[in-house]
Structure formats: structure tokens, C-alpha cells
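# Structural overview for review
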Amino acid sequence: MSPFLFWIFALLTLIFGAAVVINRNPVASALSLVVSFLGLAALFMSLNAYFIGIIQVLVYAGAVMVLFLFIIMLLNLRAEEARRINWLATAGGVAVALILLGQIFSVISHLKFAQNPFPPLAGLTVDDVRNIGAVLFRNYNLPFQIVGVLVLVATVGVVLLSKREPR
Amino acid sequence: MAITVSRPKLNWRERLYLPAIVAGLAITFKHFKNLLLGRTKVTMQYPEQKWDGNLPDYYRGAPALVRDEDGRVRCVACQLCEFICPPRAIKIIPGEIDSTDRFAKVEKYPEAFDIDMIRCIFCGMCEEVCPEQAIFLRKDYAITGFTRADMVHHKEKLLEIGGVMHGVVLKWNKKK
Amino acid sequence: MTPESFLIITSLLKIVGILFIVILPMVSYAVYAERKVSAAIQDRLGPNRVGPAGLLQPIADMFKLLLKEDFTPRAANTFYYWLAPCLAVMPAIITIAVVPFGSTLFGVPMVIADVNVGILFVFAIASLGVYGIVIGGWASNSKYPFLGGIRSSAQMLSYELSLGLAVIPVFLLVGNLRLTSVVRYQIEHGWFIAPFIGDWTNPWKWLLTIPMIVSFIVFTIAIFAETNRLPFDLPEAEQELAGGYNTEYSSMKFSLYFLGEYAAMITGSAVIVTLFFGGWHLPGIPDGSHGWIFGLINIAVFFAKVAIIIFFFMWVRWTLPRFRYDQLMRLGWLFFFEIALVNIFVVAAIVPFIQ
Ligand code: SF4
Ligand code: SF4
């Protein structure tokens, strides 16, 4: 992928990521998060990881965020918009973020393979869906099943909790 | 008192919905096919096809003023129709007939006679109430105009629609 | 010309061609067709004044909608109010990118982006379609649109499950998620709606037909729910919600919603055709490598099939009454979900005997 597209999508992801925090309106925040996810998905795709990219859109942007939006709209959080910005907390947050960024940079720059240029990607021939499936079901079958059971338990629990008491 | 309507119990075939859906689709498709094959009677294509020839005699279209066989406007400006008209569509300005006139005996004639066709509801009260049988509901129904003023029928227009009416009101003739 | 610039130019040509020559006219004429079909079903004639047989009606409608007052309610959240209709149209049109609408034309494959996650791409983008409706309902700041938006988000989430599960049998057989391979497979092994064709004596193929038809029915019903078409048009139930999520919209913004619905219907039909009806394949007609004329015929075959499915959509719309909301949710969660799930196991049991 051309660096031009990379910068566009990277900027999209970052700007809207920041917008999630900056926006006072919860719905606007949620929508910014969706756009940020879309940018992230595009970045994944630029690395030929089509499956991860599309799952990012399908699961996060398409399902999880819709539910979020659903809840936010139902709650109608007007109070949040009126709240004053606490400058001290903001400054602290920015400082923490900057320190974290600096740390990540310094750690990565000390890693040995970070000095090497990124290896060129293989052509479009790789079937990443098949690869992921194979790895998931051959090498990590047991953990995968355990996660499945865990999710099932959580689902049943939610159904039980949300059920009305029989009168 | 609230009445509880019992829901019918559906058997498994009905609850599957599909047989009913297929039956419904078959019915609608039959209509679709029949229309395409020209077997369905469809509604009249109005501006091209008209039904004017079949209008019954008692059809209530636009009200109009009539003249008698002498060419005299039959209306005597008694203003009964103006009074009876439910939506107040009629406006009459009476005038006096000259004493030298052949019909001086009539005394009054309508100087202006306006019917606002936006207001008129084609009820026929004016025709019914008129002692002179001077106003009749004719068969015109397509009354159009671009402005409100266009929609007011003045005396000339009313007479034009009405034409000459031979008939029973003879009391203004000389002989009587 | 480098291969890269060739790719870019042909892709642009395909996008412009498919969008402006096929999809957009098809959308506007789908509206016309809907009116004609509904009229015929109800023993009427339908639009027949503008142009011969009313064929210019969509253009007249467009002018009417453009000239109407574009009204923004004062209580609405203006930015999102304007954004929502665009969000409603975009996903429907983007989805067509991965659908193969023809074989090849002059050696160029007739699909805009042949990605290896084809069907997931369709689902992912289609699931974004709900934002247009939800945001429209919310930004109007009015009760009925809001309820419409809420309904649609719940409905779409519920039916996405059956939608996803219903196509798994297809991909169990094909072996990858590329939509072009789905078409390839069907050319070699018979359409998925009738896999026994060409292999009449194989009993397993006959057995496979049953779960494939079940899968087709569940998928089609889920597409109905996803596109908010009539038996499931709860988000815009006129009798309950005035006009649903688009109550506050007028003029071109309303028509964007309107067109978005039809665009979604067209892409939905295109996906159904690709998955179950052999895509651009018609027995006896070779693909585009045998001459450009066949390439064109393939494209025509594809859109003819799409038109037939669209007719089916309309036919159903003018036949069935609307489901109640609890019925809709019950059907989705307690019926189609389970059927689709069991169906996967049935097909998985048959697959080894076919290969
Ligand atoms: S039309 Fe008849 S009722 Fe009306 S003013 Fe004339 S004479 Fe009287
Ligand atoms: S028909 Fe009825 S409404 Fe019309 S002018 Fe006569 S009285 Fe008035």
C-alpha cells in the first residue's frame, strides 16, 4: 500500500480516537470510535490481514458499537454535555499519555529487530482466512474451546440475570 | 368491562407460516398475471376516456343561470339562493329594471351574480330554493383555474353555461 | 502501462460503470418497478403518465424531490441530521464492490475488489447500514423516529446472526470466502439452490438440496429483515410510528433514505444470486474468455437474475402483512437461528460424501 494511504488512515484513526475523548456528546464519541475502528481496519488490510480487518468492522463497528449507541441513546446522557472541563485532570491525562508514548518509543527503539526495515509483504496470494482457521483449530483448539465455553457461560448468566422473577 | 379475546390455537402447519405465505403469493401472482394479460378490468383513464355521455339528468354539476325564450335573464335577484347557500358561495348585487323596459313589471335583476366555485359544494340548494327556476345545476364538473379569482364564475360565465331554458315559469309574460 | 496503473484505471472504470450505468438507474427504476408491480397486484395500472408507459416517472420524481423544501427541524442535531441519510446509502452501494457481476470482459475480471473475505466484507458493510437509520432516528430529536431507530438496531443485530449462519453451508462446500470462488464452484458443481443438476444420479446431491433450500430460505428472510422490507419493516411501520426513522426528513434527504432502501435491496439480491443462483452463470453460455460478447451476456444474465429476485422482494411485499415486533424477535431468535445452526451440522455431515 502506498504510504499516502497509510498516512490517511493512520491520521483518521488517531484524530477520531482523540475525538472520542474530546467530544462532550456521548453519541458523537461513540461515532468517532466507529470511524477510528474503520481506519484501524483499513490499516490491518494494508498489511494483507483482510480477515482481522473485516472482523474489526463486523464485530466492533457493526455490532458492539451499535449496542453501545443503543444504550447511550436510551440513557440520553444530557448531563455529560454540561459538565465543565477539569483542566487539572486534563493536564494530568495528557502528561500520562505523553509519558507512555515516550516509554513506548524508547522501548521500541532499543529492540533489535526494530532497526531492521519492515520485510516486504508477500503478494495477495496468502489466504489469511484459511491460515487463521488452521492455526486456531490445529494448534490452539483446546484454548479455543475453553473460550467458547466461557462465552457460553457468560451468555447463559446474562439470560438468567435479565429474566424477570416469576410471580 | 374488558373482554379477553381468546387467540386461536395454531397447529404446527399454521405456525410454520410458509404454506399460508405460499398461498398468499399465489393469489397476488394471479392478479399480477391477469393484469399483464389484460384480463383485469382497470379503472377508466380519465382525461382520455370520459363518462360524460352517461351522466344522469339529475347530475349536480356547476350551478348556472338561464335565460328564458325571450332572452331575459330569469333571475329576479330575490337573493333567496344567496341566503340558502350553505357555504355562502353566491354573491348578488341587485339592480332595478328601468320602468320603460318591456319587463319593468319584474322590477329587479341581478347587476352582478358571482358564484365562487372554490366554495360551492354542488349541493343544489340554490336550484331548489329558486322561485323563478333561474338557477340550475348543469353537468360541468371540470372547473379549473390558476388563481382564486379565476375560480369565481361571474354572471356572463354563468349565463354561458346555463343557456336558454324553456319552461314553466310564465308569470312575467304579458298575458298574465 | 504498469500493472498497477492498469489495475487502478480498470477499477475506476468498473466502479463508474457499475455505479452510474447499472446501480443508480436500477435503483430509480426499482422504485418505478415497485409501483408498477404493486399496481398490477392490486388490479391497478400504476404510473403511466410521464413518458410512454410512465417510464420517465423516476426522473419526474427526482425533480419533485429536489424542488421540495429541505426542512431541518429546530430541535434536531443538525450535523448528524445531515450525516445520517448519507450513511444510509453508502453501505448499500459499497457492498457491490465484492460481488462478481460478470465473468471477464477483455480479460478484465468483472468484480471491483476480489478480496478473500468476500462474504464477510458484505456482512461487515451491511452491518454499518444500521448507523444511517439509528443516527437519523436519534438526530431528529423526535419520538417516532427515535423508536424507529431503536427498533431497527435491535432487528438488524438479531437477524445478522441468522444471516451469517445461513451462508456457512455454502462456504463449507466451497472452501473459502471469496465470492468469485463461490461462482466458480457453482459452475463446476451445479447451483447451490439445485446442486443435483448435471449430476442427476448422485443421491448425496439430492440429499444436499434440502439443507441448501433451507439455507436459502433463512438467508432470504434475513435479507428481508436486514433491508427493512415489508414483512419486517418495523422501523418504518406507518401505523405505529408515523413514518419511522425518516418521519422528520423531507426533500432530497428523505429520498436518500428511500434510495438507500432500494440500493440495499439490489445488493441483497445480488448477494443471493451469487450465493445460490450461480452468479453470472447460465448453463450453456461460456464465460468471457470466449469473446467479449459472452462477457457482456454474462453481465446481462447476472442482472437479469438480480431483477428476478427483486421482483420476488416486491411480490412478497405486496402480499404479506407486517409481523408484530415480538413475533419478529421470536422468529429471529427462536426459529431461524436454530434452523440455521442445525442446517450447518446437516450439511457438514453430507459434505464428506460429496467430495
Ligand atoms: S337565482 Fe333564483 S333564487 Fe337566486 S336570486 Fe335569482 S331568482 Fe332569486
Ligand atoms: S349548489 Fe349549493 S353551494 Fe353551490 S351555489 Fe348552489 S346552494 Fe351554493
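Residues numbered from 1 in each chain as written. Chains lettered and ligands numbered in written order. Predicted model: local features only at pLDDT ≥ 70, side-chain atom pairs only at ≥ 80, totals over all residues. Heavy atoms only, no water.

## A short note on the interface of chain B and chain C
Keep this limit in mind: The contact criterion used is simple: two residues touch if any of their non-hydrogen atoms lie within 4.5 Å. Each of two parts loses accessible area, computed with a 1.4 Å probe, when they are put together; buried area is these two losses added. By definition, a salt bridge exists where a carboxyl oxygen of Asp or Glu is found within 4 Å of a side-chain nitrogen of Lys or Arg. In the analysis that follows, any N or O atom pair within 3.5 Å is treated as a polar contact, provided that within protein one partner can donate a hydrogen and the other can accept it, and provided that, for residues neighboring in sequence, both atoms belong to side chains.
Contacts between chain B and chain C engage 16 residues on the former and 20 residues on the latter. Across the interface of chain B and chain C, roughly 1600 Å² is buried in total on both sides, 71% from carbon and sulfur atoms. Contact with chain C buries area across many residues of chain B, yet Tyr17, Leu25 and Phe32 of chain B alone supply 32% of it, more than any other trio. Inspection of the chain B/chain C interface yields one salt bridge. The salt bridge involving Arg49 of chain C is made with Glu48 of chain B; its shortest N-O contact spans 2.9 Å. Where chain B meets chain C, there are seven residue pairs in polar contact (both at pLDDT 80 or more).

## Points about the environment of Phe122 of chain B
All names here are of chain B. Inclusion rule: Under the scheme used here, helices are H or I runs from DSSP no shorter than 4 residues and strands are E runs no shorter than 2 residues, and both carry numbers assigned from the N terminus. Residue exposure (1.4 Å probe, protein chains only): buried if accessible area is under 20% of the type maximum, exposed if over 50%, otherwise partly exposed.
As for its position among the elements, Phe122 is in the loop between strand S3 (108-116) and helix H4 (125-129). Phe122 gets classed as partly exposed once you look at its relative accessible area, which sits at 25%. In sequence terms Phe122 and Gly61 are 61 residues apart; their C-alpha atoms lie 6.3 Å from each other. In contact with Phe122, other than residues within four places in its own chain, are Arg60, Gly61, Ala62, Pro63, Met117, Leu137 and Ile143.

## Some words on the site of ligand 1
Rules: By convention in this text, a residue qualifies as near a molecule or strand provided that one of its non-hydrogen atoms is within 4 Å of it. Basically, the charged four are Asp, Glu, Lys and Arg, the nonpolar ten are Ala, Val, Leu, Ile, Met, Phe, Trp, Tyr, Cys and Pro, and anything else, Gly included, counts as polar.
What surrounds ligand 1 is a group of 13 residues, the closest being Cys75, Cys78, Gln79, Cys81 and Cys130 of chain B. Class assignment of the residues belonging to the shell around ligand 1 gives a composition of eleven nonpolar, one polar and one charged.

## A few points about the domain arrangement of chain A
All names here are of chain A. Heads up, the condition is: Note that domain bounds follow an automatic or database assignment of domains.
Along its sequence, chain A is organised into domain 1 (3-126) and domain 2 (127-167). Facing seven residues of domain 1, the contacting portion of domain 2 comprises five residues. With both sides pooled, the region where domain 1 packs onto domain 2 buries about 430 Å², and carbon together with sulfur makes up 63% of that total. Taken together, domain 1 and domain 2 are joined by zero salt bridges. Class assignment of the residues belonging to the side of domain 1 that touches domain 2 gives a composition of five nonpolar, two polar and no charged.

## Brief notes about the interface of chain C and chain A
The partner chain A presents 27 residues to the 24 residues of chain C that form the contact. Both faces considered, chain C and chain A share a buried interface measuring about 2200 Å² in area, 77% of it formed by carbon and sulfur atoms. It is Asn116, Tyr131 and Trp138 of chain C in chain C that bury the most area against chain A; as a group they hold 25% of the surface buried on that side. Connecting chain C to chain A are two residue pairs in polar contact (both at pLDDT 80 or more). Of all the secondary structure elements, the ones that give two or more residues to the side of chain C that touches chain A are helix H4 (118-139) and helix H5 (143-174) of chain C. Here the side of chain C that touches chain A takes eleven residues from H4 of chain C, the largest share from any one element. Among the residues making up the side of chain C that touches chain A, the classes are represented as 18 nonpolar, six polar and no charged.

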